[in-house]
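# Close look at the chain arrangement
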Amino acid sequence: MSDAFDGYERQYCELSASLSKKCSSAISLDGEQKKQKLSEIKSGLENAEVLIRKMDLEARTLPPNLKSSLLVKLREFKSDLNNFKTEVKRITSGQLNAAARDELLEAGMADTKTASADQRARLMMSTERLGRTTDRVKDSRRTMMETEEIGVSILQDLHGQRQSLLRAHETLHGVDDNIGKSKKILTDMTRRMNKNKWTIGAIIIALIAAIIIILYFKLTK
């Protein structure tokens, strides 16, 4: 519910009650007093129209589920305002005699009481509907917030898993580098071992040849 709309609604209800009293009292007045009272009533009607326009603008800025119920209430206010305008026209017509004015006063007061009772009943029903709608909106908002919190938690978990995967990838890359270095070292060692093997073989062959030559010379003397 809009706090601004609630404020305008309270102002309108207070103004409506005041206009009802002034219309009832204006019927029994004559001359300047009647003109002054009608001037006050017309000024009140202008203020009421301004409040209704403000409520209309405020209602149309709200979500659809709230706007529809507030527009129903606005139609009731506009109907109430039109009734006041009709009543002012009847008062200003000047065609009513004293007896008719007394009869109109009594009928007007009865109609006003009936209209006020009906209006209060409609307002109470509208308030109850708005209260239920507000509760549903609060439940939907709470559910949305819970869903948002779950989504944030899931995103945080995914971010943590992504960081873990990146660290694992870096670790594997480091292991690959170490394996490559180890392979290169083993290749170098193998190459050196083969080289040393050939060198030792050559030395052994040279030693054997030397021994054979020495034996040969000794045996031939």
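The name given to the protein in an unreviewed UniProt entry is SNARE domain, and the organism recorded there is Arabidopsis thaliana x Arabidopsis arenosa. UniProt's Sequence similarities (unreviewed entry) comment on the protein is quoted here verbatim: "Belongs to the VTI1 family."

### Comments concerning the overall build of the protein
A tally of regular secondary structure across the protein gives four helices and zero strands. Seen in sequence order, the protein has helices and strands lined up from the N terminus as α-α-α-α. Per-residue burial over the protein gives 23% buried out of 221 residues. Sequence separation of at least 24 residues holds for 77% of the intrachain contacts in the protein that already meet a minimum separation of 6. Accessible surface for the protein amounts to roughly 16,200 Å². Of this, 59% is attributable to carbon and sulfur atoms.

### Description of helix 1 (residues 3–27)
In this model, helix 1 (25 residues) spans 37 Å end to end at C-alpha, consistent with the 36 Å of a helix rising 1.5 Å per residue. Those residues of helix 1 lying buried are Phe5, Gly7, Glu9, Tyr12, Leu15, Ser16, Leu19, Ser20, Cys23, Ser24, Ala26 and Ile27.

### Regarding a nonpolar patch on the surface
On the surface, Ile200, Ile204, Ile208 and Ile212 cluster together to form a nonpolar patch covering roughly 370 Å² of accessible area. Assignment of secondary structure puts Ile208 in helix 4 (residues 98–220).

### Things to note about the environment of Asp80
Residue position: Asp80 is located in helix 3 (residues 64–92). Placed 64 residues apart in sequence, Asp80 and Ser16 show a C-alpha to C-alpha distance of 8.2 Å.

### Thoughts on the UniProt feature "transmembrane region" (unreviewed entry) in the protein
As recorded in UniProt, the sites labelled "transmembrane region" (unreviewed entry) are residues 198–217. For residues 198–217, helix accounts for 100% and strand for 0%, while the C-alpha atoms at its two ends are 29 Å apart.

### Digging into the nonpolar core
Of all hydrophobic cores here, the largest spans 26 residues; its most connected members are Tyr12, Ile41, Leu45, Ile52, Met55, Leu74 and Phe77. Among the secondary structure elements, those contributing two or more residues to this core are helix 1, helix 2 (31–60) and helix 3. For this core, the leading source of residues is helix 3, giving nine residues. Those residues in contact with Leu45 that sit more than four places away from it in its chain are Leu19, Leu81, Phe84, Lys85 and Val88.

### Things to note about the packing of helix 1 against helix 2
For the pair helix 1 and helix 2, the least separation of the axes is 9 Å and the interaxial angle reads 160 degrees. With respect to helix 2, the axis of helix 1 lies roughly antiparallel. Judged by the twist between their axes, the crossing of helix 1 over helix 2 is left-handed. Partitioning the contact of helix 1 with helix 2 into residue classes produces 15 nonpolar, four polar and seven charged.

### Quick word on the pattern of salt bridges
According to the stated counting rule, one finds seven salt bridges in the structure shown. Of the charged contacts in the structure, one is a salt bridge between Glu49 and Lys85, with a shortest N-O distance of 2.3 Å. A residue pair is termed long-range when its members are at least 10 positions apart, and Glu49 in helix 2 and Lys85 in helix 3 qualify at 36 residues. Accessibility expressed as a relative area gives 25% for Glu49, which makes it partly exposed. Connected through salt bridges with shared partners, the residues Lys22, Lys37 and Glu40 form a single ionic network.

Criteria and cut-off values
- Residues numbered from 1 in each chain as written.
- Predicted model: local features only at pLDDT ≥ 70, side-chain atom pairs only at ≥ 80, totals over all residues.
- Heavy atoms only, no water.
- UniProt positions renumbered as here; feature names shortened; annotations may be inferred.
- Helix = DSSP H or I, 4+ residues; strand = E, 2+ residues; numbered from the N terminus.
- Buried < 20%, exposed > 50% of the residue type's maximum accessible area, 1.4 Å probe, protein only.
- Contact = heavy atoms within 4.5 Å.
- Areas by Shrake-Rupley, 256 points an atom, 1.4 Å probe, with all protein chains shown as cover.
- Expected span 1.5 Å × (residues − 1).
- Patch = residues over 30% accessible without salt bridge, like charges linked within 9 Å, V, L, I, M, F, W, Y side chains within 5 Å.
- Salt bridge = Lys/Arg side-chain N within 4 Å of Asp/Glu carboxyl O.
- Core = buried A, V, L, I, M, F, W, Y, C linked by side-chain atoms within 4.5 Å.
- Axes fitted to C-alpha atoms, helices over the stretch in contact; angles between N-to-C directions.
- Parallel < 35°, antiparallel > 145°, perpendicular 65-115°, else oblique.
- Left-handed = near helix turned anticlockwise from the far one by under 90°.
- Nonpolar A, V, L, I, M, F, W, Y, C, P; charged D, E, K, R; others polar.

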